[in-house]
Amino acid sequence: MALEFAQRVHRIPVYPLASGYDLGDEVALLASNESAFAPVPEVFEAVEKAVLRAHRYPDPAYAPLRRALSDRYGVAPERIALGNGSCDILLAAAEALLEPGAEVVYAWPAFSIYPHLAASSGARAIEVPLDADDRHDLDAIAREITVATRLVLVCNPNNPTSTSRGLDEIVALLDRCPPHACVILDEAYAEFSLALGDTYASVELLRRWPNLVVLRSFSKVYGLAGLRAGYALCGSPEFRQAVDQVRQPFHLNVAAQAAATEALRHQDAVEQRVTHTLAARLELEQAIAELSLRAAPSDANFLWVHMPDGEEAAERERALVAGLAQRRVLVRAGASLGGPGAVRVTVGTPEENRRFIAALRELL
Ligand SMILES: *Cc1c(COP(=O)(O)O)cnc(C)c1O
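Basis of the calculations
- Residues numbered from 1 in each chain as written.
- Predicted model: local features only at pLDDT ≥ 70, side-chain atom pairs only at ≥ 80, totals over all residues.
- Heavy atoms only, no water.
- Domains from an automatic or database assignment.
- Buried area = accessible area lost by both parts, 1.4 Å probe.
- Salt bridge = Lys/Arg side-chain N within 4 Å of Asp/Glu carboxyl O.
- Polar contact = N/O pair within 3.5 Å; in protein donor to acceptor, adjacent residues only side chain to side chain.
- Helix = DSSP H or I, 4+ residues; strand = E, 2+ residues; numbered from the N terminus.
- Nonpolar A, V, L, I, M, F, W, Y, C, P; charged D, E, K, R; others polar.
- Expected span 1.5 Å × (residues − 1).
- Buried < 20%, exposed > 50% of the residue type's maximum accessible area, 1.4 Å probe, protein only.
- Arc of directions from axis to C-beta.
- Contact = heavy atoms within 4.5 Å.
- Near = heavy atom within 4 Å.
- Areas by Shrake-Rupley, 256 points an atom, 1.4 Å probe, with all protein chains shown as cover.
- Axes fitted to C-alpha atoms, helices over the stretch in contact; angles between N-to-C directions.
- Parallel < 35°, antiparallel > 145°, perpendicular 65-115°, else oblique.
- Left-handed = near helix turned anticlockwise from the far one by under 90°.

Asks: Tell me about the domain arrangement of the protein chain, and please be specific about residues and values.
Replies: Domain assignment breaks the protein chain into domain 1 (17-38 + 267-363) and domain 2 (41-263). Both faces combined, the contact of domain 1 with domain 2 buries some 2,100 Å², and carbon together with sulfur accounts for 57% of it. Summed over the shared surface of domain 1 and domain 2, the result is 0 salt bridges. Applying the counting criterion to the domain 1 and domain 2 interface returns 10 residue pairs in polar contact (both at pLDDT 80 or more). Of all elements in the fold, only α11 (267-290) and β10 (302-306) reach the threshold of two or more residues within the side of domain 1 that touches domain 2. Ranked by residues supplied to the side of domain 1 that touches domain 2, first place goes to α11 with 6 residues. A per-class count over the side of domain 1 that touches domain 2 returns 10 nonpolar, 10 polar and 5 charged.

Asks: Requested: an account of helix α12 (residues 313-326), with residues and values cited.
Replies: For α12, which comprises 14 residues, the first-to-last C-alpha distance of 20 Å matches the rise-based estimate of 20 Å (1.5 Å per residue) to within 8%. Burial in α12 covers these residues: Ala313, Glu317, Leu320, Val321, Gly323 and Leu324. Along α12, the residues classed as buried sweep out an arc of 165° about the axis, all on the same side. Summarising the geometry of α12, the exposed residues directed more than 90 degrees from the buried face are Arg318 and Gln326. Residues of α12 that are buried in the fold lie against β11 (329-330), β12 (332-333), β13 (342-346) and α13 (350-363). Looking at the residues trailing α12, positive phi occurs at Arg328, about 60°.

Asks: Explain the site of the ligand to me, and be specific about the residues and the numbers.
Replies: The immediate surroundings of the ligand are formed by 13 residues, with Ser86, Tyr189, Ser219, Lys220 and Arg228 found nearest. Within the side chain of Ser219, an N or O atom sits 2.6 Å from an oxygen atom of the ligand. At 2.7 Å from an oxygen atom of the ligand is found a side-chain nitrogen or oxygen belonging to Arg228. Alone, the ligand offers 380 Å² of accessible surface; in the complex the protein occludes 94% of this. Considered class by class, the residues forming the shell around the ligand number 5 nonpolar, 5 polar and 3 charged.

Asks: So, the packing of helix α3 (residues 63-73) against helix α10 (residues 254-264): which residues are in play, and what are the values?
Replies: In the contact formed by α3 and α10, the axes pass within 9 Å of each other and the chain directions differ by 25°. Considering the angle they form, α3 stands roughly parallel to α10. As α3 runs across α10, the sense of the crossing is left-handed. Contacts between α3 and α10 pair Pro64, Leu65, Ala68, Leu69 and Arg72 from the former with Gln257, Ala260, Thr261 and Leu264 from the latter. Grouping the amino acids of the contact of α3 with α10 by side-chain chemistry returns 6 nonpolar, 2 polar and 1 charged.

Structural data, given as structure tokens:
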């Protein structure tokens, strides 16, 4: 059989999926930047209650979650887009904003889904290399913005390199962006970031830039990666309307809505998780430095660890990822994320982190 597929299907790269989810509990899953902590018990209770009404469609307005986010961030409900994970909103943004002849600008390496946006829409992708310190080169990004630019993606802190830019630098970029170009600040790791100050600071920028969208996720610090919920706080209602227009009406299931709404009520848990994660990250950073490896300055819940320089960096990376996997510690090879010669490791539980360091010592 030879099915004929649309051209775009041939263009869309295969997303670098993590492996190991079927290996059982003893595997340290440090490959996907998830939370090491399960949701708080109240979230499970809210989900249980919600699924009792699983025979009904979800509330298509997602009113309770929308209201909770609106109250928390002071953004009008009509300027909040919700999604089946924040990736859902990114893909919808591509469908709503991009087409052949249009351009999308982003740093590279950055989040693995970004190349899909141009590939699926036929727009031109302009990938701007990170600077020598694995950070966004915002000046170079600004220089790539033209009349054809419809979308600028800024991943801050950046996945996979963990680095971030301060808000003053983001503001300088926004100042150079014409109003027709939508800027998405992808802040999946905002809660961990010290450079952002607090999780409200970038939201404040929406008052000044109607073309700005602040994208957030429940998959990281909130620990809901498996339920899928993300949101976008938008400078104007038009972005929200457009991304809703291109998607099915029920993009957020009842369990995800209930879980996300409840999770927002437990900011004390969020703060505790951030504190634990940053302390554990510091220990990992010290252990890595003792092994004479260099990690990029992290502002998130993961580290980007460079292999020693030299021609064999890519080979060392492959050997290290394989050696760690044999020891049941899964990390991400930089090569699969656009950055060969490095590995990305998520800060896990204290036990997982100890196992990672022990395995690393053995392998080096
Ligand atoms: C993990 C991540 C997301 C979140 O994706 P979800 O679809 O919400 O799970 C978004 N952006 C970046 C940069 C990420 O690393």
